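One letter stands for each residue in the lines below.
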Amino acid sequence: MSENPKIIVPKEEGKEDSDADAEEEDEIIEDEQEDEDIEFSSADEDSEKLEDGSSEKKSYVCDLCPGSMFSHHNGYYNHLKRKHNVVCYSKGSISCREKGCTFRCSMREKLQSHLMHTHKKPLAFSQLKFSSMKDFEEWREVFEKQEKCRFVKKSGTRIRRQTGEKHTYLYCSRSGTFVSNSKGVRNQFKKVSSKISNYCTASIDCVEQLDGTVLAKLCSTHYGHDPSVEFLRLTKADKDNIASQLGKGVSRDIVLDNIRASVGEDVDRIHLLTMKDIRNIERSYNIKAEIKSREFSCGFASVNEWVREMECLGDESPILFYKPKNQSKIVAEGEHFLGLDDFCVVLMTKGQQDILRKFGQNGVFYITWMSISNGYDLSLLSLMVTDDLNEAFPVAYMVCSAMSKSIEVLFFKIIRDKMGTLCARAIMTDDRKSLFDAWGEVMGFVPYYLLSNRFVDADWRDRLITVPMRTCSVLFMKYFTPT
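Residues numbered from 1 in each chain as written. Predicted model: local features only at pLDDT ≥ 70, side-chain atom pairs only at ≥ 80, totals over all residues. Heavy atoms only, no water.

A. Expanded view of the overall build of the chain. Counting its secondary structure elements, the chain contains 13 helices and 23 strands. Taking all 483 residues of the chain together, the buried fraction comes to 39%. A fraction of 53% describes how many contacts in the chain between residues 6 or more apart in sequence connect residues 24 or more apart. Summed over all atoms, the accessible surface of the chain reaches about 29700 Å², with 51% contributed by carbon and sulfur. (Helix = DSSP H or I, 4+ residues; strand = E, 2+ residues; numbered from the N terminus. Buried < 20%, exposed > 50% of the residue type's maximum accessible area, 1.4 Å probe, protein only. Contact = heavy atoms within 4.5 Å. Areas by Shrake-Rupley, 256 points an atom, 1.4 Å probe, with all protein chains shown as cover.)

Laid out in structure tokens, this is it:
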């Protein structure tokens, strides 16, 4: 039987052996993990300050084998364990955040065990198995979106010499302490860091076996912070998608507007995208932004350029239909013909599609029409649906050069082709019954047709002006004087 390893805790200078042993007694950890699993404190141990304020690198010399010198304490500790069967731990940098608790350790597993047994904190652990690393990464992406968290690697993948298994350790991105690279040249505003200046218990220990299967030990309970979307990192998939759009020539403003317009019920880090994030992606992917000058002197030429940029977005494009000016187009043979002078564009974002799917079936729709006074004689047709708070939410728009019954039918057919048939409980318009008839022709029978209170109130006020003042006074006295 092999001899049990000796455990040595290095003491700080200026302290007696008894004091050091008393303070470090709780820091001694049994040798349950392999060499690669040891976590040490920060690298400040490897340097000491001189009188002039500069730092000088320490060197570690093994007393058991003369001539062995190490420049880093990690190498020194590993040498002691492998060659001399001596386990050496430095003072832990992980501390318990419970009130009045002075527990400190150097390993995440020790903190998890302390919280469960001493403070009775419920930590959720689970064992997962995947057929390949690709399946594990796909699950991880979905899990991070659901739990509003991110897991990152603080070191590379480690390979066991005996078994050949690949071990990867993922930690919560909120763990750690923020270290500023500022040189103090000028005073900057105080930045809010995502780091909690301590360690979070959430982690994933991933083992890739020789046959390709992946075993993952998950601790899904976070400690020391609350879930917050603003402190999350953009996922690699989100960065790749944004970089792809920028590489195709889509401007920063359009990328930013489309992502913000795609927000639905589930808000993730991508929906809080800023222009600074886009510039960082350009720099990391080595993309040179192309500054485009649009011909705003010709409005329709500017729209054509904007539509071309939107088409580069693929499925994320908000354009459902587009017919430019000076180009004839047959939408459906024998039904709708748009001539050379006709202009039409139908818009619906991803976020609007989500709202329409949720409240569209058996919903109450408000359809409004108005003319745009900008010198181009355009009309705007808007489709809104009432949500659970009885508030009207816009879900689709159409801008066209001329409004007619066939154009109204075309608008609803485009929506039906995208979202399917919508069964409405009621349709509300501004005294334009042709919109109600066009909806019924495309979507089917609607039991109720209503006039919007906005239209009724405005029409009432317009007609009230024509009533003589005396009659108005009599009506006021009749209906509003208390009895």
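Having seen the model, we can carry on.
B. Expanded view of the side chain of Thr-168. Mapped onto the elements of the fold, Thr-168 is located in strand β12 (residues 166-172). Exposure remark for Thr-168: the relative accessible area of 11% places this residue in the buried category. For Thr-168, the contacting residues outside a window of four places in its chain are Lys-153, Thr-157, Ile-204, Asp-205 and Cys-206.

C. Spatial organisation of the nonpolar core. Judged by nonpolar contacts, the single largest core of 36 residues is most densely connected at Phe-365, Leu-383, Met-398, Phe-411, Ile-415 and Trp-439. At the level of elements, β18 (344-347), α9 (350-359), β19 (363-372), β20 (378-386), β21 (392-400), α10 (405-419), β22 (424-429) and α11 (433-443) are the ones that each hand at least two residues to this core. If one sorts the elements of this core by residue count, α10 sits on top with eight residues. (Core = buried A, V, L, I, M, F, W, Y, C linked by side-chain atoms within 4.5 Å.)

D. Representation of the pairing of β20. By the criterion of burial, β20 is predominantly enclosed, with nine of the nine residues buried. Covered by surrounding structure in β20 are Leu-378, Leu-380, Ser-382, Met-384 and Thr-386 together with Ser-379, Leu-381, Leu-383 and Val-385, the residues of both alternating faces. Sheet analysis places β19 next to β20, joined by eight bridges and oriented antiparallel. Within β20, the position partnered with Trp-369 by the bridge is Leu-381. (Pairing = 2+ DSSP bridges.)

E. Examining the environment of Tyr-322 more closely. Relative to the elements of secondary structure, Tyr-322 occurs in strand β15 (residues 319-323). Spatially, the C-alpha atom of Tyr-322 lies 5.8 Å from that of Cys-344, the residues being 22 residues apart in sequence.

F. Spatial organisation of the packing of α10 against α11. Running from amino to carboxyl end, α10 crosses α11 at an angle of 45°, the nearest separation of the two axes being 9 Å. In terms of orientation, α10 and α11 fall into the oblique class. α11 is crossed by α10, and the crossing has right-handed handedness. Of α11, the residues touching α10 (which contributes Lys-405, Glu-408, Val-409, Phe-412, Lys-413, Ile-415 and Arg-416) are Ser-434, Leu-435, Asp-437, Ala-438, Trp-439, Glu-441, Val-442 and Met-443. Among the residues making up the contact of α10 with α11, the classes are represented as eight nonpolar, one polar and six charged. (Axes fitted to C-alpha atoms, helices over the stretch in contact; angles between N-to-C directions. Parallel < 35°, antiparallel > 145°, perpendicular 65-115°, else oblique. Left-handed = near helix turned anticlockwise from the far one by under 90°. Nonpolar A, V, L, I, M, F, W, Y, C, P; charged D, E, K, R; others polar.)

G. Region of the structure containing a nonpolar patch on the surface. Judged by side-chain polarity, Val-263, Val-267 and Leu-272 come together as a nonpolar surface patch covering roughly 190 Å² of accessible area. If you trace the backbone, Leu-272 turns up in the loop between α6 (252-261) and α7 (275-284). Since its relative accessible area comes to 39%, Leu-272 is described here as partly exposed. (Patch = residues over 30% accessible without salt bridge, like charges linked within 9 Å, V, L, I, M, F, W, Y side chains within 5 Å. Salt bridge = Lys/Arg side-chain N within 4 Å of Asp/Glu carboxyl O.)

H. Summary view of the pairing of β21. Where β18 and β21 come together, four bridges link them in antiparallel fashion. Within β21, the residue paired with Leu-347 across the bridge is Tyr-397. Across eight bridges, the pairing between β20 and β21 is antiparallel. In the strand pairing of β21, Ser-382 is matched with Tyr-397. Count of turn residues in the β20/β21 antiparallel hairpin: five residues, of which Asn-390 carries a positive phi of about 60°.

I. Region of interest: the pattern of salt bridges. Under the definition given, this model contains 15 salt bridges. The partner of Lys-121 in a salt bridge is Glu-98, with the nearest N and O atoms 3.6 Å apart. Taken together, the positions of Lys-121 in the loop between α3 (108-117) and β9 (125-130) and Glu-98 in the loop between β7 (94-95) and β8 (104-105) put the pair 23 residues apart, joining distant regions of the chain. Among the residues examined, Lys-121 registers a relative accessible area of 31% and is labelled partly exposed. The structure contains a network of salt bridges with shared partners spanning Arg-108, Glu-109 and Asp-205.

J. Representation of the side chain of Arg-140. In this structure, Arg-140 sits in helix α4 (residues 133-147). When its relative accessible area of 17% is taken as the criterion, Arg-140 is described as buried.

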